[in-house]
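# Examination of the molecular architecture
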Amino acid sequence: MADEIPPGSKIKPNQGFRVNKFVVGGILIVAAVLLLAITSLKGNAQYYMTISELQAAPGKWEQNVRISGAVRGGTIQVDSKNGYITFQIVNIPGDLKTIEQMGGISAVLHQAVIDPESAALTIRYRGARPDLLKDEAQAIVTGKMQADGTFAADDLLLKCPSKYQAAPLE
Amino acid sequence: MAADLGFGVLIITFIVSIYSIGAAVAGTRMRSPALIDSARLAARVTFPLLTFVNLVLIYLLVTGRFEFAYVYQVSDVSMPLYLKITALWGGQSGSLLFWSWMLSGAAALAVNQAWKSETQFTPWVTLTVMITLAFFLLIVTFVENPFARIWATLDGKVFESMLRPAGAFLIYPPDGVGLNPLLRHPGMLVHPPMLYAGFAGFVIPFSFAVASLASGRSDNAWLRISRPWALGAWTFLTIGLVLGSRWAYDVLGWGGYWGWDPVEVAALIPWLTGTAFVHSLIVQSKRQLFKRWNIVLVILTFCMVIFGIFLTRSGVLDSVHAFSLSSIGPMFFVFISLVFIASLSLLLWRWKLLASEGRMESLFSRESAFLFNNLFFMLLFLICLAGVLFPLLSELLTGTKMTVGAAWYKRTTGPVFGGLLLLMGVVPLTAWGSSSAGKLGKRIWLPALVSLLAPALAILRSGLNWSGITALWLITLAALLTLFDIANAVVHRMKLQKESFPAALGRVFMKNRHRYGGYLVHLGVVMIALGVVGVELYQTQTQQTLAKGETLQLDGFTVAYKDLFQYQASDGRAVTQAVIDVSRNDRLLATLSPRSDYYSLYQQSVTVPGRLSNLAEDLYVVLVDWQPTTTDAATFHVYHNPLVNWFWIGAIVMVTGAFFAIGFPGGRKVKNI
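Residues numbered from 1 in each chain as written. Chains lettered and ligands numbered in written order. Predicted model: local features only at pLDDT ≥ 70, side-chain atom pairs only at ≥ 80, totals over all residues.

## Considerations on the overall build of chain A
Along chain A, the regular secondary structure elements total 4 helices and 6 strands. Helices (α) and strands (β) of chain A occur, in sequence order from the N terminus, as α-β-α-β-β-α-α-β-β-β. Of all 170 residues assigned to chain A, the portion counted as buried reaches 32%. (Helix = DSSP H or I, 4+ residues; strand = E, 2+ residues; numbered from the N terminus. Buried ≥ 20, exposed ≤ 12 C-beta atoms within 10 Å, placed from the backbone.)

## Here's the deal with the overall build of chain B
The number of helices and strands found in chain B is 19 helices and 14 strands. A compact globule built from 673 residues should have a C-alpha radius of gyration of about 26 Å, and chain B, at 27 Å, falls within 12% of that. Seen through its C-alpha atoms, chain B measures out along the principal axes to roughly 85 × 85 × 60 Å. For chain B, the proportion of its 673 residues judged to be buried stands at 53%. For chain B, the share of sequence-separated contacts (at least 6 apart) that also reach a separation of at least 24 residues comes to 70%. (Rg over C-alpha atoms; globule rule 2.2 N^0.38 Å. Contact = placed C-beta atoms within 7 Å.)

## Here we look at the packing of helix α5 (residues 92–117) of chain B against helix α7 (residues 186–214) of chain B
Any two packed helices are characterised by the angle at which their axes cross and by the distance between the axes. All names here are of chain B. One can describe the packing of α5 onto α7 by two numbers: an axis separation of 9 Å at closest approach and a directional angle of 40°. The angle between the axes of α5 and α7 places the two elements in the oblique class. Considering the relative orientation of α5 and α7, their crossing is right-handed. For the pair α5 and α7, the contacting residues are Ser-95, Phe-98, Trp-99, Met-102, Leu-103, Ala-106, Ala-110 and Ala-114 in the first and Pro-192, Tyr-196, Ala-197, Ala-200, Gly-201, Val-203, Ile-204, Ser-207 and Ala-211 in the second. (Axes fitted to C-alpha atoms, helices over the stretch in contact; angles between N-to-C directions. Parallel < 35°, antiparallel > 145°, perpendicular 65-115°, else oblique. Left-handed = near helix turned anticlockwise from the far one by under 90°.)

## Some words on the sheet that holds strand β14 (residues 633–642) of chain B
Residue and element names in this part refer to chain B. Overall, antiparallel pairing links the 4 strands, which are arranged β5-β14-β13-β12 in an open sheet. The open sheet has two edge strands, β5 (540–547) and β12 (610–613), and neither has a second partner. Going from strand to strand, the sheet's axes swing by 20° on average, the running direction of each strand aside. (Pairing = 2+ DSSP bridges.)

## Section: the sheet that holds strand β2 (residues 158–161) of chain B
Residue and element names in this part refer to chain B. Reading across from one edge, β2-β1-β3 is the order of the 3 strands in this open sheet, with antiparallel pairing throughout. The sheet terminates laterally at β2 and β3 (169–170), the two strands that pair on one side only. Bridge count for strand β1 (residues 149–152) against β3 is 2 bridges, and the pairing is antiparallel. Bridge pairing in β3 places Ala-152 opposite Phe-169.

## Here we look at unusual backbone geometry
Residue and element names in this part refer to chain B. Although it is not a glycine, Gln-288 sits at a positive phi angle of roughly 60°. Along the chain, Gln-288 turns up in the loop between α9 (262–287) and α10 (291–314). Of the residues examined, Gln-288 has 16 C-beta atoms within 10 Å and is grouped as partly exposed. Not every positive phi belongs to a glycine, and Asn-585 is a case in point at roughly 50°. Relative to the helices and strands, Asn-585 resides in the loop between β8 (573–584) and β9 (587–592). Take Asn-585: there are 8 C-beta atoms within 10 Å of it, and that puts it in the exposed class.

## Here we look at the pairing of strand β10 (residues 595–599) of chain B
Residues and elements named next belong to chain B. Bridge count between β8 and β10: 5 bridges; the pairing is antiparallel. Note that in β10 the partner of Val-575 across the bridge is Asp-597. Where β10 folds back on strand β11 (residues 604–608), the antiparallel hairpin that results is connected by 4 residues, among which Gln-603 adopts a positive phi of roughly 50°.

## Some thoughts on helix α6 (residues 122–142) of chain B
Taking 1.5 Å per residue as the helical rise, α6 of chain B with its 21 residues ought to reach 30 Å, and the 29 Å between its terminal C-alpha atoms agrees with that figure. Of all 21 residues making up α6 of chain B, 19 are buried, and the element is well covered by its neighbours. (Expected span 1.5 Å × (residues − 1).)

## A look at the interface of chain A and chain B
Between chain A and chain B, the contact holds 49 residues from the first and 51 residues from the second. Elements represented by at least two residues in the side of chain A that touches chain B include exactly α1 (16–39), β1 (45–50), β2 (65–79), α3 (96–101), β5 (138–145) and β6 (151–159) of chain A. Of the residues forming the side of chain A that touches chain B, the biggest block, 10 residues, is contributed by α1 of chain A. Its residues placed into classes, the side of chain A that touches chain B shows 21 nonpolar, 15 polar and 13 charged. (Nonpolar A, V, L, I, M, F, W, Y, C, P; charged D, E, K, R; others polar.)

## Description of the confidence of the model for chain B
As a note on interpretation, predicted positions should not be read in detail where pLDDT is low. Residue and element names in this part refer to chain B. Overall, the predicted model of chain B reaches an average pLDDT of 89, with 96% of residues at or above 70. Here β2 stands out as the element of chain B with the lowest mean pLDDT, 80, in contrast to helix α2 (residues 33–62), whose mean of 96 is the highest. This model gives residues 318–325 a pLDDT under 50, and the stretch forms 28 contacts once residues within four places in sequence are excluded. Throughout residues 667–673 the model reports pLDDT below 50, and contacts reaching past four residues in sequence, or to other chains, amount to 10 contacts. (pLDDT = per-residue confidence, 0-100.)

Put into structure tokens, the structure is as follows:
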């Protein structure tokens, strides 16, 4: 320990005591942030799934989930009196390999929307209509299934494939 | 023809970069200065070559050659010239080519710098930057080729390819898809080049660190050369991030500027490790500490730059099952892993050589403050990395894919940012070497007492908001302590040199650019924090449908819906514009015109908010909906964003301070470490 070294000693006290202060302080801070990060997961982390997976999952009503799908443009309805919008999204594969094999995300979105057999989900979102909410956009919604079979979204993220990728050639 | 030439030169550039790598390796092994010089010259040649390739692609964009898939995807006939040029970085393959060009520019400068100042470093710097460049050229040349044409076969299949597939014929589309109107914002046009400049800049400190390790040096030469690069890269990355935020605030119409989207976080991660580095390098240059740690930081920053480009450009984030690897995914994965393992092995090999020459004395010393600064930035880095990788991590650990969003990031990073604010304020009061809590306390108590005024005011105005008053207290404390320290130095100089206040202020700043430029950056951070607190903790909002003449109330503002009209703009937009009167206490403050532009060509509407904007607050009015024919009623979403403009002012102060620290303006070369 540091206090065993006689005064005037030229031996460097291998920082035993001093380092401990830094180590203890550091560990305390790291532990506090780690604890915060983990406890914040509760209620703030969501399961990530496709529409088909959600509809197949038992106990789907209670979970807070994140869903990705293709927007069916014709179904977008704005209820500005009550301040919410509703629209349908249809299932797209969640696996990037499959998406690439099908010709890229824009082709996948296009296929999903025109296919009447696609598994569909009605989304209810409270808020203003985003500019990117349009036909064949990719919507990523976070929220919960409701008893009436609709999905109440707290969060709506839209990706427009034309941003970086071509629309399918006519 | 032009495209074939461009592609040919691209291949030649790739070969030149490979040659440069080979010559650097051979030159080192055979101890041949001639070969090493040849490697250096080859590295420099890649810049003019890639300049030519980029110009060819710009030429194709400007002349509207839509038979090229890239031109077809990112441009159209109606776009003005400047948009056609900026479309160079508007899509995947073009932006990778553009980034390669920036990297080759930085490489050309760096290899020369090594040659002139630390000749011993030349082969290693050349090797490192050229391996990085060759990796990206490999992708641009063989996987994401911007010169690929669009082909079709008679049975209706469409290909993108450089060479003609068997039985296919070339398609000449009359027009392209064009750039989404939402992205036509000056901030968004300059945002990618700024990010890329920052990314490219961070490659250079990494290459000098590798050079230093490989040549078995234990001095600070690599750090001295790297410092301006790191500061410059940091500055450009900061500009890039802020421009992206400004775009979100102006265009996206949700009254915010940062959504913790994975793409945003991916760009923030190298900024965090880079910020840790520009701080900890000071400790090495002043106290010979943190030598190994600085190398680790530079390696991390480099890997995170490549990781960031991968995340934002590979499309993995579009997928629900993020991180199932796309075609360029495995290449990035292999490259990052190899770089990480190779550079860490290099560090372990030289581990003993890089022992600290000094040691930490006191918990209250300045080096200790820097240690905790680095700890906090590392925590932020780990939080962000964990957040981005969370879908992958959770699937590995629990078998189910989970994801975290803005709420998690805010809760987790908030206290760490608070700790950083506190440190930032206290650091100027600490001394190198030994210091004690008592000494620190003597200097801190008065500013600490004065700073309590801010939370007191906040309570009077907005009530008890615990996070809000804590944050405001930390912000005021940090600002006061920084200003006190500057004032001390100025007053001292006024007394000693009998100078006037402006003269003393100027001299103090000019004499120690690194320190006072850094203080300016810190004052900018304080302002940014003020803006963040205003929006995150004191924002209020409402959405209401109003008939003409009706009003709504928000935070003392009265918003009255006066009128709505629609017209066709000359550039093809269908504009719906509302007239809104904003008043407070029966006094008319402004007439706003929130509007919605519909671009029928792109089937895209663009919401342009009406804004009443001053230093105290923004009133941000979005036209959400209206009755199409009668225009009697319309729906508005109104945000009250207190203090938000300090975010943008702070960003300008921050960037100014950083440029000042690097040496602009002023002409004279900055005295280095």
